[in-house]
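Per-entry structural report
If you want the building blocks of each chain, they are given just below.
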Amino acid sequence: MFRAALTDRLQAAFTAAGIALPEGFSVSVELASDTRFGDYQSNAAMILAKQLKTNPRALAEQIKTALPVDELCSEVSIAGPGFLNFRISPVALATKVQAITADAGCDVVKVAQPKTIVIDFSAPNIAKPMHVGHIRSTFIGDCLARVSRFVGHQVITDNHVGDWGTQFGMIIHGWKTQLNHEELKKHPIQELVRTYKLINAQAKEDEAVLTLCKTELVKLQQGDAENLEIWKECVRLTLVQLEEVYGTLDIEFDHYLGESFYNDALAPLVTDLLAREIATLSEGAAVIFSDGTVGVDDDPFMTRDRETKEWKPLPLIIQKSDGGFLYGTTDLATINYRVQEWKADEIWYVVGAPQQLHFRQVFAAAKRMGHTTEMTHIAFGSILGPDGKMFKTRSGETVGLLEVIEEAIERARAAADEKEQGLSDTEKDEIARIIGGGSVKYAELSQNRLTDYKFSWDKMLSLQGNTAPYLINAYVRTRSIFRKLEGGNVTLTTDVELTEPAEIALAMKLAQFAEATHDVLIDHRPNTLANYLYELANTYHSFYEACHVLNSEGTVRNTRLTLCEATSRVLKTGLGLLGIQTTERM
Ligand code: ARG
């Protein structure tokens, strides 16, 4: 990576110039904000001069003289109050572009210290409606897993499905009285959700129904054979259908350790926490109170009363007075497991912003239990409907992954039918799956995860603009060049010479793929990579308009074909990191 190489050099130049860097001072190099003066820039001399109370420009000069002169930069200049600007040389760029075409991983360096990272994402609840949060979690989580693996981390993906909980009281009662078994075989998730909603509504009206549901739940929790059998069947059928959807989306999990997996660990966990005085008994319940080690403002176990403005305790309940365990209890048992069994260095939770307090409490409790594993809640906002309100179906239901994917593929298929290009039905189906699924994924991943975004079918499926079809089409265009040449059998040679500004601009963009990829993990933001790919596609189109590829010759032709090949690879690899597949034609 040029940025990393320049950072190293700059660091060495400070030493060579005899300037001792103060403790904690880190030299940083960034992409230039204005490329007229260079490709990269650093404000290190300015910041240091301030600390040392010397003249920043003079300090920058001193550093510049101490920088090793070689082929990485064609020019180092000083601008304004002491910015150091670096212009990468065409020779270094040419070498980089060739390296990209020669390496299956597009010459992206691996991290120096690989970690074991558990990523907890998707995690829908069985027999309950899926909502947009599960869509966002699924795509963001999958992308982060792909990027982390790609840069060399050991990643374990775990779908912590909500397969245990009070909803099963209603489901079991519904199973015994309302279920349509034919429908259940065909569309298990939909039929279970239908039953759940029906019974839920009845229980609200009729006390007797509620009592029946509670009785079924208690029987299940006490191990009643019939109810356990029904519960198991609900989970099994749902997972079969879920895995089919994940398959369509090309998403895989290493584990499906749902909440029920931890059932036997919950009672011992509570006993242990009580014994270690991390939890206390309060009105018959086992709860975790604040330990007072942080200020009230930062304390997840304290809350401010809206009216009196007084701070009051907000404990995490781990066992209710009726003996029942809660969501947080399971999460603590899950952390124990992930640390003990998988030796997790980090655990990432890709879950919507409304669960922020839950995770702050769970992480703080885990720390008090002695865990040093780094835990991060990777939160996200909502998806809004085209009207800017909560995203709902026409009948007012919440929209889940299943409905969205189905409709996306249908729409992409209709578009493929319109453009009859001699493709077979099977080919069209495959293209529709790739474009449909890819469009929904890209609409998600090109957004800042923390902001709400508007869901628009027309926008996300459009061939124009920052969309998956646009990027996939850019890839298709790079491939079609090679198909036109010598029956697709072109051998690239090593004579690459970048001379035209459009060639240099494209090479520079290509070189930045590694940086864009690594930057995704700085703050868990897939949109860094999505936006990079969009810029790359634009840069490629400008290059293609400015430079003839097919009717050029010799070194010029080889250079341009190498640029096309590198673009093709980076687009495919980059889209792949977003979880988006490509097609050779569309
Ligand atoms: N099933 C939960 C929900 O739908 C998400 C679970 C997230 N993971 C966790 N370990 N709590 O809200």
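Above: the structure in question.
This write-up is about the structure you can find in this document. Because the structure is predicted, anything quoted here is derived from the model rather than measured.

This part covers the sheet that holds strand β6 (residues 154–158). Backbone hydrogen bonds are what pair the strands of a sheet, in a parallel or an antiparallel way. If you walk across this open sheet you meet the four strands as β6-β5-β12-β13, and the pairing is parallel. On the outer flanks of this sheet lie β6 and β13 (374–378), each paired with one strand and no other. Strand-to-strand twist of the sheet, defined as the mean angle between neighbouring strand axes without regard to direction, takes the value 20°. Relative to β13, strand β12 (residues 346–350) is paired through five bridges, and the arrangement is parallel.

Moving on, we get to the sheet that holds strand β1 (residues 30–31). Taken in spatial order, the four strands line up as β1-β2-β4-β3 in an open sheet, and their pairing is antiparallel. Two strands lie at the open edges of the sheet, namely β1 and β3 (73–79), each paired on one side alone. Alignment of β1 against strand β2 (residues 40–42), held across two bridges, turns out to be antiparallel. The partner of L31 across the bridge, within β2, is Y40.

Looking at the ligand, the residues that line it are D120, A123, N125, H134, H160, Y327, D331, Y349, V351, Q355 and F359. Here A123 contributes a backbone N or O atom positioned 2.9 Å from a nitrogen atom of the ligand. In this structure, D331 approaches the ligand through a side-chain N or O atom, which is 2.8 Å from a nitrogen atom. Across the complex, the protein chains shield 91% of the 350 Å² of accessible surface that the ligand would expose by itself. When grouped by side-chain class, the residues that make up the shell around the ligand number five nonpolar, four polar and two charged.

All right, on to the environment of Q167 then. Take Q167: it is sitting in helix α6 (residues 167–177). For Q167 and K214, which are 47 residues apart along the polypeptide, the C-alpha to C-alpha distance reads 9.8 Å. What Q167 contacts, discounting residues up to four positions off in sequence, is N125, I126, K128, G162 and Y196. A polar contact of 3.5 Å, which involves the side chain of Q167, links it to the backbone oxygen of G162.

Moving on: unusual backbone geometry. For K53, which is not glycine, the phi dihedral falls at a positive 55°. With respect to the helices, strands and loops of the structure, K53 is situated in the loop between α2 (44–52) and α3 (56–66). Judged by its relative accessible area of 75%, K53 is exposed. Although it is not a glycine, D107 sits at a positive phi angle of roughly 60°. On the secondary structure map, D107 appears in the loop between α4 (90–102) and β5 (116–120). Exposure remark for D107: the relative accessible area of 29% places this residue in the partly exposed category.

The geometry of an aromatic ring pair is captured by two quantities: the separation of the ring centres and the angle between the planes. Using the criterion set out here, one finds 18 aromatic pairs in the structure. An angle of 35° between the planes, with centres 6.0 Å apart, marks the rings of F513 and Y532 as tilted. Of this pair, F513 sits in helix α19 (residues 513–520) while Y532 sits in helix α20 (residues 526–546), placing them 19 residues apart in sequence. Take Y532: its relative accessible area is 5%, and that puts it in the buried class. Note on Y540 and F543: the rings are 6.0 Å apart at their centroids and 40° apart in plane angle, and the pair reads as tilted. Taken together, the positions of Y540 and F543, both in helix α20 and three residues apart, correspond to about one turn of that helix. Both residues of the pair, Y540 and F543, count as buried.

An α-helix turns once per 3.6 residues; consequently, residues spaced three or four apart project the same way. With 15 residues, helix α1 (residues 2–16) extends 20 Å from end C-alpha to end C-alpha; this agrees with the ideal 21 Å at 1.5 Å per step. Of all the positions in α1, only F2, L6, T7, L10, A13 and F14 are classed as buried. Seen from one end, α1 has its buried residues packed into an arc of 135°, which puts them on one side. For α1, the exposed residues lying more than 90 degrees away from the buried face are D8, T15 and A16.

The next subject is the nonpolar core. Among the nonpolar cores identified, the biggest contains 149 residues, and L10, L529 and L578 are the most heavily contacted of them. Once residues lying within four places of it in the same chain are set aside, the contact partners of L578 are C143, K441, Y442, L445, P526, L529, A530 and L533. Counting residues in each nonpolar core, the second largest holds 31 residues, with V118, A333, A344 and M375 among its members.

Further remarks concern the side chain of H371. Tracing the chain through its elements places H371 in the loop between α13 (356–368) and β13. By relative accessible area, which is 13% here, H371 ends up buried. A distance of 2.7 Å separates a polar atom in the side chain of H371 from a polar atom in the side chain of N336. If near-sequence neighbours (up to four positions away) are discounted, H371 is found in contact with I335, N336, V339 and A366.

Thresholds, definitions, all that
- Residues numbered from 1 in each chain as written.
- Predicted model: local features only at pLDDT ≥ 70, side-chain atom pairs only at ≥ 80, totals over all residues.
- Heavy atoms only, no water.
- Pairing = 2+ DSSP bridges.
- Helix = DSSP H or I, 4+ residues; strand = E, 2+ residues; numbered from the N terminus.
- Axes fitted to C-alpha atoms, helices over the stretch in contact; angles between N-to-C directions.
- Near = heavy atom within 4 Å.
- Polar contact = N/O pair within 3.5 Å; in protein donor to acceptor, adjacent residues only side chain to side chain.
- Areas by Shrake-Rupley, 256 points an atom, 1.4 Å probe, with all protein chains shown as cover.
- Nonpolar A, V, L, I, M, F, W, Y, C, P; charged D, E, K, R; others polar.
- Contact = heavy atoms within 4.5 Å.
- Buried < 20%, exposed > 50% of the residue type's maximum accessible area, 1.4 Å probe, protein only.
- Phe/Tyr/Trp six-rings, centres within 6.5 Å; stacked < 30°, edge-to-face > 60°.
- Expected span 1.5 Å × (residues − 1).
- Arc of directions from axis to C-beta.
- Core = buried A, V, L, I, M, F, W, Y, C linked by side-chain atoms within 4.5 Å.

Just geometry here; none of it tells us what the structure is for.
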